[in-house]
Amino acid sequence: CLERLSTPSRAMTDSKVKDMSLAEFGRKELDLAEVEMPGLMNTRAEFGPKKPLQGVRIMGSLHMTIQTAVLIETLYELGADVRWCSCNIFSTQDHAAAAVVAKKTSKVFAWKGETLEEYWWCTVQALTWPDGKGPQMIVDDGGDATLLIHEGVKREKEFKETGKVPDPESTDNDEFKCILRIIADSLKEDPQKWTKMAADCVGVSEETTTGVHRLYEMEKNGSLLFTAINVNDSCTKSKFDNLYGCKHSLPDGIMRATDVMLAGKTAVICGFGDVGKGSARAMQAAGARTIITEIDPICALQAAMEGFQVAKLEDVLSFGDIFITTTGNKGIIMYEHMEKMKNNAIVGNIGHFDNEIDLAGLTKAAGVVRQNIKPQVDRWVKKDGKGIILLAEGRLLNLGCATGHPSFVMSCSFTNQAMAQLEIWANKDTKKFEKKVYILPKNLDEKVARLHLAHVGVNLTQLSKEQADYIGVPVDGPYKPEQYRY
């Protein structure tokens, strides 16, 4: 824990991680992960010798896990100068962070169990090179790095025009207080820090649904300051990471946290998008009676057609054993819902942010007592003596209570990230990209899939020229139109 955070405008030349003695353990796990991540390893083999990102300053704000370390070291092998932080206070694997620092492939500012103040300090450190420059490209997950730059530019403009300094007490949001405090402090040292940083940044590749939503909102209102590539909606990301990744890592997180048997339980999955689909199928496969809540009639119908009961949350509170939010929205499970749950109901989130579950309401509720069971597992005892078990304080339970998605599915996601970074940089002077949000072309999506086929023993059938002509596609793809939904 940092006793005193350094001035935000000054960058550390050294990394800040929890325990460098874990580096050897981290490297052993990295060696295992590389075998399970053929997409990234093939990317190194194809592009590494030419160093297409030579000297390019790349900042990452993405869970500092073993799998992310393979992405970091892929960017390094492509020539990049990398600085990294996590995008979640609980998701860092300290041995992964130590392994990267020991090999000097990136500066890292991340450890498991950061406070909010430390989290945003780490973000500033990762964004700021020792010479004061910022990143030329960003790998973002949830959009926090992008948000900080954009908010900084906005507040610097306001300060220049009116002299107004951001006031952290003007908001009730604890994270936004940190952001405003950082910007207020940086104004004292360099009132154009964030404006200059935005001008130098060529683009960002965004990993997740929530961050992509933020980007489209900024594009819509004309405030987006640089090119963005929406990695989340590449098929080889959303239909693999979000679906199969959650199918694997949700039960892993619940079981590591609680040792509860899932078979025979009633699991309530809030949302039936890709994340919800993977989560629901995992609970169903484990033998849990699985109920879905949905606002979207199409997703609700899909759930019903797959054999799931679809109900309102209010109607299942009294008998549900496990409640999981997957929506990416806010205010899904509120304190008044938790009040009606049975004793030791498990409540967790696998959507990106921490506002799907009303932790604030739970914390402020009269007569509610928090019992910490172990890190990221708390039993909150209500006035009636019954408790609910909250995982990872409402943040991503699969990363807070376990190790997140497995290497193979993350190879699909992160190969898209590497392709996006290459695409942005290769076109920095071509005017191909404007200050808008783009999706990687279908041929790159199919390439990412191809890179993973041999590892799982797939032998593709080859179209003949006659067959390809008949359906109007090239023999070597892409095989589906842009509007096709897998």
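Just above, that's the structure.
In this text the structure is predicted, and so the values were computed from the model without any measurement.

Enquirer: Break down the side chain of K177 for me, with residues and values.
Expert: Following the sequence through the fold, K177 ends up in helix 7 (residues 174-189). Residue classification places K177 among the buried positions, given a relative accessible area of 15%. Not counting residues within four places of it along the chain, the set of residues in contact with K177 comprises P168, E169, T171 and D172.

Enquirer: Which residues make up helix 10 (residues 235-258), and what are the values?
Expert: With 24 residues, helix 10 ought to run about 34 Å at 1.5 Å a step, and its terminal C-alpha atoms sit 33 Å apart, in line with that. For helix 10, the principal kink sits at C246 and spans about 45°. Within two residues after helix 10, D259 carries a phi angle of roughly 60°, on the positive side.

Enquirer: Mind laying out the packing of aromatic side chains, listing which residues take part and the relevant values?
Expert: Both the distance between ring centres and the angle between the ring planes are used here to describe each pair of aromatic rings. Applying the stated criterion across every chain, the model contains six aromatic pairs. Judged by centre distance (4.9 Å) and plane angle (85°), the ring pair of Y484 and Y486 falls under edge-to-face. In this structure Y486 comes out as partly exposed when scored by relative accessible area, which is 41%. Over the aromatic face of Y484 sits the side chain of K480, whose NZ or CZ is 5.3 Å from the ring centroid.

Enquirer: Outline the pattern of salt bridges, supporting the account with residue identities and numerical values.
Expert: Applying the stated rule across the entire model yields 24 salt bridges. Ionic pairing is found between E151 and R155, a salt bridge with its closest N-O pair at 2.8 Å. Here E151 and its partner R155 are both found in helix 6 (residues 144-162), four residues apart, which amounts to about one turn of the helix. The pair E151 / R155 is uniform in exposure class, with both members buried. Two residues, D185 and K188, come together in a salt bridge whose shortest N-O distance is 3.6 Å.

Enquirer: Please give an account of the layout of surface pockets that cites residues and values.
Expert: Space inside the second largest pocket adds up to approximately 650 Å³. Looking at the second largest pocket, it is lined by 26 residues, and the ones nearest its centre are E446, A449, R450, L453 and L460. Counting residues per element, the ones that place at least two in the lining of the second largest pocket are helix 10, helix 16 (407-426) and helix 17 (442-453). Here the lining of the second largest pocket gets eight residues from one element, more than from any other, and that element is helix 17.

Enquirer: Lay out the pairing of strand 12 (residues 369-374) in plain terms, naming residues and giving numbers.
Expert: Strand residues, when the strand is regular, have side chains that alternate between the two faces of the sheet. In this structure, strand 12 lies alongside strand 13 (residues 377-381), joined through five bridges in antiparallel fashion. Along strand 13, the bridge assignment pairs R370 with W380. Between strand 12 and strand 13, which pair antiparallel in sequence order, lie two residues; one of them, Q376, sits at a positive phi of approximately 70°.

Enquirer: Can you lay out a nonpolar patch on the surface for me, pointing to particular residues and giving the numbers?
Expert: Where nonpolar side chains cluster on the molecular surface, the patch consists of V456, V458 and L460 and spans about 260 Å² of accessible area. As for its position among the elements, L460 is in the loop between helix 17 and helix 18 (465-471).

Enquirer: Quick one: what's the story with the side chain of S234, residue by residue and with numbers?
Expert: Of note, S234 is situated in the loop between strand 6 (227-230) and helix 10. Leave out the neighbours within four places in its chain, and S234 touches N416, L440 and D445.

Enquirer: Give me the lowdown on the sheet that holds strand 14 (residues 387-391), citing residues and values where you can.
Expert: Judged by pairing direction, the sheet is mixed, and its eight strands sit side by side in the order 9-8-7-10-11-14-13-12 without closing on themselves. Bordering the open sheet on either side are strand 9 (309-310) and strand 12, each of which pairs with just one other strand. Judged from the four bridges that link them, strand 10 (residues 322-325) and strand 11 (residues 345-349) form a sheet pairing that is parallel. Its bridge partner lying in strand 11, F323 is registered against V347.

Enquirer: Got a sec to walk through the pairing of strand 14? Specific residues and values, please.
Expert: The element strand 14 is largely enclosed, with a buried count of five among its five residues. Every second residue of strand 14 is oriented toward a common face, with G387, I389 and L391 on one face and I388 and L390 on the other, all of them buried. Sheet analysis places strand 11 next to strand 14, joined by three bridges and oriented parallel. Opposite V347, over in strand 14, you have L390 as the bridge partner. Connecting strand 13 to the next strand, strand 14, in antiparallel fashion are five residues, including G385 with a positive phi near 90°.

Enquirer: Can you lay out the environment of G211 for me, pointing to particular residues and giving the numbers?
Expert: As for its position among the elements, G211 is in helix 9 (residues 209-221). Linking G211 and G264, residues 53 residues apart in sequence, is a C-alpha distance of 36 Å. The contacts of G211, once residues within four sequence positions are left out, are G142, G143 and E206.

Enquirer: Give me the lowdown on a negative patch on the surface, citing residues and values where you can.
Expert: On the surface, E314, D315, E336, E339 and D384 cluster together to form a negatively charged patch. Classification of D315 by relative accessible area gives exposed; the value is 52%.

Enquirer: Kindly report on the packing of helix 5 (residues 116-127) against helix 7, identifying the contributing residues and their values.
Expert: One way to put it is that helix 5 packs onto helix 7 with a least axis distance of 10 Å and a crossing angle of 45°. Overall, the two elements helix 5 and helix 7 adopt an arrangement that is oblique. For the element pair helix 5 and helix 7, the recorded crossing hand is right-handed. Two secondary-structure elements touch here, helix 5 through L116, E117, Y119, W120 and V124 and helix 7 through D174, E175, C178, I179 and I182.

Enquirer: Break down the sheet that holds strand 5 (residues 203-206) for me, with residues and values.
Expert: Spatially, the seven strands line up as an open sheet ordered 3-2-1-4-5-6-15, and their pairing is parallel. Each of the sheet's edge strands pairs with one partner strand only, and the pair in question is strand 3 (107-109) and strand 15 (437-438). In this sheet, strand 4 (residues 137-140) lies alongside strand 1 (residues 57-61) in parallel orientation, the contact comprising four bridges. Note that in strand 4 the partner of G60 across the bridge is V139.

Rules of the game
Residues numbered from 1 in each chain as written. Predicted model: local features only at pLDDT ≥ 70, side-chain atom pairs only at ≥ 80, totals over all residues. Heavy atoms only, no water. Helix = DSSP H or I, 4+ residues; strand = E, 2+ residues; numbered from the N terminus. Buried < 20%, exposed > 50% of the residue type's maximum accessible area, 1.4 Å probe, protein only. Contact = heavy atoms within 4.5 Å. Expected span 1.5 Å × (residues − 1). Bend = angle between axes of the 7 residues up to and from the residue. Phe/Tyr/Trp six-rings, centres within 6.5 Å; stacked < 30°, edge-to-face > 60°. Lys NZ or Arg CZ within 6 Å of the ring centre and 35° of its normal. Salt bridge = Lys/Arg side-chain N within 4 Å of Asp/Glu carboxyl O. 1 Å grid on protein atoms, 1.4 Å probe; cavity = no way out; pocket = protein on both sides within 12 Å on 5 of 7 lines; lining within 4 Å. Points joined across faces, edges and corners; volume = space filled by probe spheres on them. Pairing = 2+ DSSP bridges. Patch = residues over 30% accessible without salt bridge, like charges linked within 9 Å, V, L, I, M, F, W, Y side chains within 5 Å. Areas by Shrake-Rupley, 256 points an atom, 1.4 Å probe, with all protein chains shown as cover. Lys, Arg positive; Asp, Glu negative; His and termini not counted. Charge placed at Lys NZ, Arg CZ, Asp CG, Glu CD. Axes fitted to C-alpha atoms, helices over the stretch in contact; angles between N-to-C directions. Parallel < 35°, antiparallel > 145°, perpendicular 65-115°, else oblique. Left-handed = near helix turned anticlockwise from the far one by under 90°.

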